[in-house]
Every structure is written in structure tokens, then in C-alpha cells.
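# Structural overview for review
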Amino acid sequence: MAVAQPTAGAVPSQAPSRWAKMWKSLSIIFESRIATVGMVLVLFWVILGLISLVWTPYPPNASEFTQNLPPNTTNWLGTDHLGRDILSRLMVGTQVILLKTRLPWGGLVFPIGVAIWGVIGSVLVGAFLGLNAGYRGGWWDQVTMQFLDALIAFPVIVLYLVVIAALGQGDLVVILAITVTGAPGVARLVRSLALDIKTRDYIRAAETRGESPWYVMFVEILPNARGPLIVDSMLRVGYAIFAIGTLGFLGIGLPPPDPDWGNMVNEARKNIFSNQWAVVWPSVAIASLVIGLNLFADGLREELTRYQK
Amino acid sequence: MARFIIRSLVSTFITLIIVSVALFLLLEVGSGDITVKILGVFSTPEQRASYRNQLGLDDPVYLRYIDWLIGNEWRAERQVGFDLVTAPNPQTGEDTWWADVDGQLIRWSLEEGELMKLVRQEDGSTVASLADAVWTTDEGGQESFWGVDDKNNAVKWVRGEGAEVWVLTKAGLRKEGDGPQDYIPLRKGLIRGDAGKSLQYGRPVSVTLWPRVRNTLVLAGVAFLVVMPLALIFGIIAGINEGKPIDRFISVTSLGATATPEFVTGIFLILIFGIWLQWLPAVAIFTSADAIFENPALLALPVLTLTAVELGYVIRMTRASMVEVMGSPYIRTAILKGMPYWRVVARHAVRNALMAPITIIMLHVNWLIGGVVVVETIFGYPGLGKYIFDAAIFGDVNAVEAAAMLTVIIAVLTRILGDLAYTFLNPRIRYA
């Protein structure tokens, strides 16, 4: 790759450059056909979302056309029950999931979507709890695991419903809900990894040097647990999109005006007798994005564990 | 083993307490003024205040939690001065509250300033008569009386000051004079089997919950019976043919089924079987309580939807486990020593390969409950999932708590069962 060329100069290049390293770790994706297919599916939606930031065929919320049109040359995917162009709405629908988070104050918008922030949140909380439980053991472990058991036993959907009923609809609330429901799983994973990693010699070495427990946990253990954690996070983004779709379908997901895939399905299903296309497209969108993430994670896991056997 | 079970039970109990407190607080923060939802947006502030008082919602949240958990007649008894007991209503069989005065079950009511006493007869009816002079006078010279009213509340009447209260009847709100000043809605508490009254329906939660649970058990049970054999067969076929086209086909299909949300699967099934082919009813409308037994076709699409989602998941688990077992040395040995291939698979591989899926299915119940909520909403199926959904949206604390406790118990019990099944299937694992 052209960008991988290190700049010639004073720096002696014994070590591979940063780009080369990154390329090497990325190339693992292309080793697996499954992961490549998954990545193509995900990238398709990401790119479509990026395009929609600057251009959509028609304004996504404007009722400009006849209602419930089947796909035709003007509206490639047809129109919905309010005469809005479905393709434009589908494209904009990726934004709230993957590309932007709307803050409740003064219409501010934050980069990176709700599903991804939710997973970042659950990884942060889960890693913190899991590292403490796994590395410190004893009381930390007992109390944390008891608390997590309670959260895991909590039916996820009830948690979503109650959190949203309690705090109202909103992007941040959905992020919080995903964080709370995802954190126990991450914590369990990180705990089991920490239990394994803390027996290694380099941890002993760090402890002997007199490093603080926080240093050992976050600088020594966490980076060494990243492989399974990354695969798990990929799957979790899939679950999060799944959950956002479900919430949207139940009518308590991401708030308007931005179109939400789950909500599009919910609204279109009321007209399913006259117009099936409006149901089909957003359904296909959710399914393909989730399948893409699943394939990507599966392929990645296969490649990562290939050398461990 | 005994220690393991005891520890699990203790842990379950703590879990239930944590979950119930968390739910109580969340609903407390979230549901806002529940009386608006019950009485409607056109109710006046006085009507709402009166109704809040009748529901006991003016008490602090910790007191209401304790009431919900262990009941509150001990608190009311201190005010009333008599033992408070329950007796069944002859018509509905639901518990009603009475004060036990020297062996007679008594309630009171205030009519035109006169305190009447209603004595319960053997057949459940009451005989009214003028009550004895029971008013107690406090420092301020106010004469008051604590008793049990005819709506299962411990109430405080003040002589000469019948409050105006708004009573919710089937026809709407009705203003009544001679009302009590303060209410304690009597209840036994969850640990004594009383889940309280549903704010949404005005009936005891237990009465409204059980038919829903039964419907969901039928739905989930049938889905389970369909999923298990199919999933195990397909998983095993895919597992022993790893990498071949048939494995690819099964794997990709099951991944697609798992990654498609339930509502998408459900809608496509409605589209195909309900609208285009018109073979099956597209919604599950219950014309009677036993509709699913009278017309099993109602179950077909909900079951199919649940199956589609669960099937993929279990197939993937079984396949992964089967692939792992088929690669192990003892299978190679069995094949090399000349054993017929099908016997190796059936005798040696399958037994060990089924361990993982069986335990994972047990852990999966929690997720299934989420699926059930969606499926029941799509098809309008009156089950536990829809009950939870409606109650959570309404902010019906008692109903949400009872349903959530039930689902938590189911989830925890199946997890313990899964653990135990695992020890049975895999003797190498011991629980200390």
C-alpha cells in the first residue's frame, strides 16, 4: 500500500511503521472470507449514511409524493404511508444508529451513533467492573458478581421498557439502556480474562515493581484482553442495533424527527395490506446490518483463535 | 451439591431484592403522576389529590416498598386497634379486609355524619347497624376514628368533617361527601402471596396475571417442542459435515434467522402466510379465554416466529459443539479402530456435543422473554410479554413488579437447572 511507505529521514526504521502495523492487523480481516463479506455489508451502510449527511435523493421528512407507491423510477424504493421517499429515509436512518447522537440541549449533535456509544459505554463500565472483580478478587468479586447476577437475571426487555418509561425517549436514554444491559456480559467476559491473565509473569513483575492496582488492571491486563473484547464488542453493536430496532418497533425507541428503521417498520406494518414494500425495505436494512456485524465478528474470531489452537 | 443449591437460593433471594428495589425506584422516578393516567388528562388537581390519597401514594417511597414487600396491616393495626384479617369475597373469591372485633368481622362506613358498622355474616353478606360511640378525641379536640372501609382500606374518619372524596366507579369519577381523611390501602405484601392491585385494571394483579402466564407458557412450550428436535438434528448434520455445502447452507440460514429481529420475521410470516397465501390467521384474537385450545391455528404464526429466531441460535450452538467434539482425539480413535461411522456419531460424539447446547438453552430463557414481548405485541397475543409491556408503559408498579419477579425467578431457576444438568452430563465438574 502506498500510504504504508515510511518517510525517509533521520528515524531509523528498524521497527515497522505505524501504518504498516495497522495494515498488518487489518489484513487479518481479509484472510477470512466471512469477515470480508461482513465488512462489505457494514461498510455499505456506513458509506450510505455518510452520503446521506450531505445528499439524499429527496428530503427524508417531506411528503412530496403519492402515498404508498411501489418502487419506480422516481422513488427507487417506493414511498411510505405519508408519501415520503423510502430510500431517503433509509439512508438517513443509518445516521442515528451509526453516525450521530442527538443531544437534548439546543439541537446539538455529537459524532458516532447511538448503537456504538451504547457499546462503548457497556465496554467501559463492564471492563471497570470485570477488572476489579477478576484482579482484586475477594469481596470485590463477591459483591460485583452478585450485582451483575441481578442485572443478568433482569429480563433485558423489562429493563429497556422501565428505563425508557422512567427517563423518557431520547438518544442518551437509549445509550444508557444499552450500556446497562450490555455491561454485565462484558464484565463477565473481562473478569474471566483477568482471572487468566493475572497469573502471568508480567503481572507479577509489575506488582513487584510496585505498580498500583489501577496501573496493573488498565495498562497490563486490559490491553492483553483486547482480542476477545473486540470480537465481543462487534457482536454487541449488532445486538444494540437489534435492540434499537425492537424499541423503535414498539414505538419507544429513538425520537423523531430523524427516521428510525424500527419505527419505519412499525408504521408501515399498519398499511401492510396495501403496501408491502414499505415494510420490506427497513426490515432488510436492519437484518443486513446485523448479519454483516455478526459475520464480521465471527470471521474475526475464527482468525484470531486460529493460531491459539 | 447441597451447599451449591443453598448458595444459589440465597443469591437468588438477594437478586430478587436488588431487582425489586431497582424497579420500584425507576418506576417511582419515571411514571410521574400515575393518577393522570388512571383518571385521564381532564381530571382536576383536587380529583387527583383525592385519588392519590386513596391509593396511599402520599406515603414516602420506602414505606410503600415495605408495604409492597411485607404488607402493612401491622401498621394499620396500630391505628385501628383491632386485628385486621382477610376473608374471601363470596362472589369473586378475592380477599377482602375486615377488623376482627371480639370474633365478629366488621367494617365501617360514614353515612350522613353517622358511623355505621357492617358485620360480616357467615355467607359473606353484611348487616348494617349504628356503630357504638368509638370516637377518640385528640389534643386539638378533634374527634376521629380509624376503621376499615368497604374498599379494603384502613381509613381515618373525622367526626363532623366528612371529607369530599372522588371515587372512581365504572361510570367515571363520583364525588362523595362523608369521606375519610386518610387512607392506608391494606395488603399482605408479596412474600405472603399478595402482589397488590393493578393500577391499570383495578383488579388484583394475581387475578390478571395468571391467565397471561398460562397463554405464554403454551406459546413458549410449543415453540420449545418445535425448536429442540429440529435444532439438534440440523446442528448435528451441520457439525459432522463441517465445511461441506450442506453445512454452509445450514450455517448461513441459521445466522440469517438469528440476526433477523423477531418483529421482522413475524411481519414477513404474516405477509406470506396471512396475506398472500391466507393459510393462517394473521393475528391472534382471543374471542374467549381458551381460544388457543379451541383454535390452535391461532398459535401457528406466533410459534413459527419464535421458532425462527430461536432455531438459528440453537443450531449454531449445537454445530459449534459438534465440530469441536468431532475434532477430538477419541473420535479419531473410534473411527480408526474400525467402528461404523454412524455409531461413532450417535454413541460417542452426540452425547458429549449436546452438553453445551442444553446448558446454553437454559441460560437463554431470559432472552426468550424479550422475544416473547415482541412476538406477543405483533400478533396481539394476550400473554405475559404483552402484560409486562403494557404495565411498564402505563407505570403500573404492582403489575410490573409481580411480572418482573416472576421472570427473574424463571431466569434464575433455569440457570440453576442448567448448572445442575451440566454436572450430571459432565461428571468432571464438581460444585464445592
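Cut-offs and rules
Residues numbered from 1 in each chain as written. Chains lettered and ligands numbered in written order. Predicted model: local features only at pLDDT ≥ 70, side-chain atom pairs only at ≥ 80, totals over all residues. Contact = placed C-beta atoms within 7 Å. Helix = DSSP H or I, 4+ residues; strand = E, 2+ residues; numbered from the N terminus. Nonpolar A, V, L, I, M, F, W, Y, C, P; charged D, E, K, R; others polar. Core = buried A, V, L, I, M, F, W, Y, C linked by C-beta atoms within 7 Å. Buried ≥ 20, exposed ≤ 12 C-beta atoms within 10 Å, placed from the backbone. Pairing = 2+ DSSP bridges. Axes fitted to C-alpha atoms, helices over the stretch in contact; angles between N-to-C directions. Domains from an automatic or database assignment. Parallel < 35°, antiparallel > 145°, perpendicular 65-115°, else oblique. Left-handed = near helix turned anticlockwise from the far one by under 90°.

On to the interface of chain A and chain B. With 34 residues of chain A at the contact, the number on the chain B side is 39 residues. Put simply, the parts of the chain that give the side of chain A that touches chain B at least two residues each are helix H5 (138-153), helix H6 (156-167), helix H10 (226-250), helix H11 (261-269) and helix H12 (277-306) of chain A. At nine residues, the largest contribution of residues to the side of chain A that touches chain B is made by H6 of chain A. Per-class residue counts for the side of chain A that touches chain B are 25 nonpolar, seven polar and two charged.

Ranked by internal contacts, the top residues of the largest apolar core, which has 173 residues, are Val 162 of chain A together with Val 400 of chain B. Ranked by size, the runner-up nonpolar core spans 18 residues in total, among them Val 80, Trp 146, Ala 154 and Tyr 183 of chain B.

Take the sheet that holds strand E4 (residues 114-120) of chain B next. Residue and element names in this part refer to chain B. Pairing in this open sheet of five strands is antiparallel, and the strands run E1-E2-E3-E4-E5 from one edge to the other. Two strands close off the open sheet at either side, each with one partner strand: strand E1 (83-88) and strand E5 (126-130). Between one strand axis and the next, the sheet turns through 45 degrees on average, direction left out of account. Sheet topology note: the strand E2 (residues 95-101)/strand E3 (residues 104-111) ladder contains three bridges and is antiparallel. The partner of Val 101 across the bridge, within E3, is Gln 104.

A few words on the domain arrangement of chain A. As a measure of interface size, the accessible area lost when the parts come together is often cited. Residue and element names in this part refer to chain A. As assigned here, chain A comprises domain 1 (31-112 + 265-309) and domain 2 (113-255). Taken together, the 22 residues of domain 1 in the interface contact 22 residues of domain 2. For the side of domain 1 that touches domain 2, the secondary-structure elements that each account for two or more residues are helix H3 (86-99), strand E1 (100-102), H11 and H12. Counting residues per element, the side of domain 1 that touches domain 2 draws most heavily on H12, at ten residues. Residue composition of the side of domain 1 that touches domain 2, by class: 15 nonpolar, four polar and three charged.

Their axes nearest at 9 Å, the elements H6 of chain A and helix H15 (residues 384-394) of chain B cross at an angle of 15 degrees. Between H6 of chain A and H15 of chain B, the crossing angle belongs to the class labelled roughly parallel. Our pair here, H6 of chain A against H15 of chain B, has a crossing hand that is right-handed. Where H6 of chain A approaches H15 of chain B, its residues Val 158, Leu 161, Val 162 and Ala 165 of chain A are matched on the opposing element by Ile 388, Phe 389, Ala 392 and Ile 393 of chain B.

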